[in-house]
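Read off the chains here:
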Amino acid sequence: MIRGAVVGAVATVPMSLLMLGAQRLGLMGAQPPEKITARLLTELGWRRRSKQSQDVAASLLHLGFGAGAGALFVVLRRGLRLPLPPVLQGVAFGSGVWFVSYMGWVPWLRIMPPADEDRLGRPQTMLAAHWVYGGVLGALSGRS
C-alpha cells in the first residue's frame, strides 16, 4: 500500500501538468481541485484566506487524493488479478476515479455540475488527465 501511495502521488504530477496546460489553453476554467478545496475550506470555517494559501492546500490535497487512490489501486490489483497489462489496468482505474468523482460525489455535494452538464472542455480534459494518472500509476506500480 505504501508503494501504491507513493506511486499515486508521483502519477498526480503529470496529471496536474496536463490540467494546467489545458487551463492555459482556455479549456478548463477553474480547476476541480481548486473548486473542491475552496468548498472544503469554506465548510471548515476558513473564509479569510489568500489565493496562494488556497492553491497550496489544493495542491497538497490533490497529491493526497492521488496517493490514497494509488494505495487503493494496488490493493484492487492484487485482489482482482485482471488479465490486462498494468498500464491498461491503471487507465481503467483512472476512468473509474473520474466517473465516481465527476458523475458522483462532486456533483452530489454540489461543488460542480455532473460532467455531462459541465462547461465544454473541462470534463474531456479531466478524463484525459485521469487516463494519464492511471497509465503512469499502472506503469510505475509494476506487475505485483
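None of these values were measured; they are calculated from a predicted model.

Participant: Looking at this structure, I do not really get the packing of aromatic side chains. What am I missing?
Facilitator: Given two aromatic rings, their pairing is described by the distance between the two centres and the angle made by the two planes. Here the structure, examined in full by the defined rule, presents two aromatic pairs. Aromatic pair phenylalanine 65 and tryptophan 105: ring centres 6.3 Å apart, planes at 40°, arrangement tilted. Linking phenylalanine 65 in helix 3 (residues 51-80) with tryptophan 105 in helix 4 (residues 86-108), this pair joins segments that are 40 residues apart in sequence. On the basis of relative accessibility, which here comes to 29%, the residue tryptophan 105 falls in the partly exposed class. Note on phenylalanine 73 and phenylalanine 93: the rings are 5.2 Å apart at their centroids and 55° apart in plane angle, and the pair reads as tilted. Within this pair, whereas phenylalanine 73 is found in helix 3, its partner phenylalanine 93 is found in helix 4, the two being separated by 20 residues in sequence.

Participant: I would appreciate a short explanation of the packing of helix 2 (residues 32-43) against helix 3 in the present structure.
Facilitator: To describe two helices that pack against each other, one gives the angle between their axes and the distance between the axes. Axis separation between helix 2 and helix 3 bottoms out at 9 Å; the angle between their running directions is 110°. Compared by their axis directions, helix 2 and helix 3 come out roughly perpendicular. Across the interface between the two elements, Pro33, Glu34, Thr37, Ala38, Leu40 and Leu41 from helix 2 touch Lys51, Gln54, Asp55, Ala57, Ala58, Leu61 and His62 from helix 3. Within the contact of helix 2 with helix 3, the residues separate by chemical class into seven nonpolar, three polar and three charged.

Participant: Just to check I follow, could you spell out the side chain of threonine 125 for this structure?
Facilitator: Counting through the fold element by element, threonine 125 comes out in helix 5 (residues 122-141). Threonine 125 gets classed as buried once you look at its relative accessible area, which sits at 7%. Filtering out sequence-adjacent residues up to four positions away, threonine 125 remains in contact with Leu18, Ala22, Leu27 and Met28.

Participant: Could you clarify how one ought to interpret unusual backbone geometry in this entry?
Facilitator: The phi torsion of most residues other than glycine is negative, and most of the peptide bonds are trans. A positive phi angle, near 50°, is found at arginine 81, a position not held by glycine. Checked against the element boundaries, arginine 81 lands in the loop between helix 3 and helix 4. The phi torsion at arginine 110 lies on the positive side, around 60°, for a residue other than glycine. Relative to the helices and strands, arginine 110 is located in the loop between helix 4 and helix 5. With relative accessibility at 74%, the residue arginine 110 sits in the exposed group.

Participant: What is the right way to read the side chain of aspartate 118 from this model?
Facilitator: Examined against the element boundaries, aspartate 118 turns out to sit in the loop between helix 4 and helix 5. In contact with aspartate 118, other than residues within four places in its own chain, are Met112, Pro113 and Pro123.

Participant: What is the right way to read the environment of leucine 18 from this model?
Facilitator: Among the structural elements, leucine 18 can be located in helix 1 (residues 2-24). With 115 residues separating them along the chain, leucine 18 and tyrosine 133 place their C-alpha atoms 9.9 Å apart. Look past the residues within four positions of leucine 18 in its chain and what remains in contact with it is Thr125, Ala128, Ala129 and Val132.

Conventions we followed
- Residues numbered from 1 in each chain as written.
- Predicted model: local features only at pLDDT ≥ 70, side-chain atom pairs only at ≥ 80, totals over all residues.
- Heavy atoms only, no water.
- Phe/Tyr/Trp six-rings, centres within 6.5 Å; stacked < 30°, edge-to-face > 60°.
- Helix = DSSP H or I, 4+ residues; strand = E, 2+ residues; numbered from the N terminus.
- Buried < 20%, exposed > 50% of the residue type's maximum accessible area, 1.4 Å probe, protein only.
- Axes fitted to C-alpha atoms, helices over the stretch in contact; angles between N-to-C directions.
- Parallel < 35°, antiparallel > 145°, perpendicular 65-115°, else oblique.
- Contact = heavy atoms within 4.5 Å.
- Nonpolar A, V, L, I, M, F, W, Y, C, P; charged D, E, K, R; others polar.

The analysis is restricted to geometry; functional conclusions fall outside its scope.
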